[in-house]
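# Secondary and tertiary structure notes
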Amino acid sequence: MGNETDLGEMDNIWGQAREELQKIVGTDSFATWIEPLRLTGVDEGTATIACPTRFLSDWVSRHYSDDILKVLDRLNGPVHRVSFETRSQTSRQVAAANSEPKRPAPRAAVDEELTAPLDHRFTFDNFIVGKPNELAHAAARRVAEGGPVTFNPLFLYGGVGLGKTHLMHAIAREIQIRQPEAKVLYLSAEQFMYRFVQALRDRTVMDFKELFRTVSVLMVDDVQFIAGKDSTQEEFFHTFNTLVDQGKQIIISADRAPGEIKDMEDRIKSRLQCGLVVDLHPTDYELRLGILQSKTDSFRVQYPGLQLAPGVLEFLAHRITSNVRVLEGALQRLFAFASLMGREITLDMTQECLADILRANDRKVSIEEIQRKVAEHYNIRLSDMIGPKRVRTVARPRQIAMYLSKQMTSRSLPEIGRRFGGRDHTTIMHGVRKIEELRTADRSLAEDIDLLRRLLEA
Ligand code: ADP
Ligand code: MG
């Protein structure tokens, strides 16, 4: 087996391991600690995990190595040991971008450990803008441009997986590019707390304070994490005030509005509110489709030659509405699966491969509802949906109903067949294909279908 295949295989195993780890450690901790890691090899029972910084490997090995071991052992056993290696190059890059030119060496080393690694995929270029996130995006852009500090802090909030961390990284990167001398400190609130607790333990609180107070831009992700953690909140509040007083830019993210964070002191809430507060709304269909198209373009590089049947992305954009992370995960799995099987990505394969995700996102539209709406729309009788008539004015709407049933429910072809007057599954398949074909050529049909779908989803 060549090297490349090994790496591909490691990515594959790690992909599965990540899904399980996310369930074990929860979404927030996962994003902070596990997401930046990569599995680089398994050799004689020892799994090697690459970490972008020493800080990260330190924490992960202390808190998550048992979980990682357990999961890898199950997926790719036997694994008895996990070893963490630091990709020093990556962290050096970050440190270099963050530290001022003539700083003494020891300080630079501390910086390297303080700043969380930036994900190179999280750039403004890769961020798809739509109605639900345009305000947040515009505010992020403005802050990233530098200039005078006009809103301080910038407070971004929104549900899980809607792009907060992505925007935060994009801002950090952009500022580093525009102002290489600026000291940008980006970290999650959990990391802030960890560093603070560590400083308390090591009796280096003064260093900790000084360090945080010398940054030009402070970015704290998922600030809701420190709610209820009294001494960390207190320290955060003082750091925050000092920096605001010095006119330094602060950027905060959270999963909810400042006023809605429970167990957060009122004076902190009100300070968090005094800049610009913008939220990322849940995605809409257009935004999801845009994101899928853009991700597909990058997957095509990773999996050259893979064919994608028309309608698959639209199907996913309609059916997976929870959040962008889930949407991306689904697409990733689909491409990996298709490439393993060496097959084109079809609607059927998508439904098979993503059955669990689709079920979880099910909107529960019934076939009966679809038949009723379509019949109404085309002014035919509901009984004609299941009846035998073959005239086009009846047969076409019936096929559209079949197509929508396939797209909007998780029913199998035989099940759909039974509800269309006991038709064979091949008849349903034929109907679905026919509409897929026509959709691309016939504009008004495509619009009809979109309209019907919206009506059914409402
Ligand atoms: P949050 O921090 O809000 O939980 P993330 O920023 O981690 O969410 O986003 C989850 C995933 O979705 C990331 O991989 C991110 O790149 C992607 N994502 C979210 N919004 C967008 C968008 N508008 N365009 C492109 N990718 C996005
Ligand atoms: Mg996040």
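Residues numbered from 1 in each chain as written. Chains lettered and ligands numbered in written order. Predicted model: local features only at pLDDT ≥ 70, side-chain atom pairs only at ≥ 80, totals over all residues. Heavy atoms only, no water.

Our working definition: UniProt positions are given in the numbering used here, feature names are shortened, and annotations may be inferred rather than shown by experiment.
As recorded in an unreviewed UniProt entry, the chain goes by the name Chromosomal replication initiator protein DnaA, listed as coming from Paracoccus aestuariivivens. In its Sequence similarities (unreviewed entry) section, the UniProt entry covering the chain states "Belongs to the DnaA family." Quoted straight from UniProt, the Subcellular location (unreviewed entry) entry for the chain says "Cytoplasm".

### Section: the sheet that holds strand β2 (residues 46-51)
Selection rule: Paired strands, in this sense, are two strands between which DSSP finds at least two bridges. In this text, helices come from DSSP runs of H or I with a minimum length of four residues, and strands from runs of E with a minimum of two, each type numbered from the N-terminal end. The axes used here are C-alpha line fits, helices contributing only the stretch in contact, and every angle between their N-to-C directions lies in the interval 0 to 180 degrees.
Here 3 strands make up an open sheet; going across it, the order is β1-β2-β3 and the pairing mixed. Each edge of the open sheet is held by one strand with a lone partner, namely β1 (38-43) and β3 (81-86). Across this sheet, the average inter-strand angle for adjacent strands is 25 degrees, counted without regard to direction. The pairing of β1 with β2 spans 5 bridges and is classified as antiparallel. From the neighbouring strand, L39 faces β2, where its bridge partner is I49.

### Details of the environment of L331
What counts, and what does not: Think of it in three bands: residues with accessible area under 20% of the maximum for their type are buried, residues over 50% are exposed, and the middle band is partly exposed, with areas taken using a 1.4 Å probe on protein chains only. Two residues qualify as a contact provided that any one of their heavy atoms is within 4.5 Å of a heavy atom in the partner residue.
With respect to the helices and strands, L331 occurs in helix α15 (residues 324-341). Since its relative accessible area comes to 1%, L331 is described here as buried. Distance in space between the C-alpha atoms of L331 and F299 is 8.8 Å, their sequence separation being 32 residues. Excluding residues within four positions of it along the chain, L331 makes contact with L292, K295, T296, F299, L313 and L316.

### What to know about the confidence of the model for the chain
As a reminder, the rule being used: The quantity called pLDDT is the predictor's confidence in a given residue, expressed from 0 to 100.
For the chain, the average pLDDT comes to 87, and 91% of its residues sit at 70 or higher. Within the model, the stretch residues 88-110 combines pLDDT values under 50 with 23 contacts to residues more than four positions away or in other chains.

### A closer look at the environment of I175
One can find I175 in helix α8 (residues 164-178). Overall, I175 belongs to the buried group, its relative accessible area being 2%. Distance from I175 to E286, taken between C-alpha atoms, is 30 Å for residues 111 residues apart in sequence. Setting aside its immediate chain neighbours within four residues, I175 contacts V143, A144, P180, A182, V184 and V217.

### As for the packing of aromatic side chains
Put simply, the rule is: Side-chain rings of Phe, Tyr and Trp (the six-membered ring for Trp) are treated as a pair once their centres are within 6.5 Å; stacked means planes under 30 degrees apart, edge-to-face means over 60, and tilted covers the remaining angles.
Under the criterion given, the structure shown has 10 aromatic pairs. Taking the centre distance of 5.1 Å and the plane angle of 35 degrees together, the rings of F299 and F335 count as tilted. Of this pair, F299 sits in helix α13 (residues 285-302) while F335 is found in helix α15, placing the two residues 36 residues apart along the sequence. For the pair formed by F299 and F335, the shared burial category is buried.

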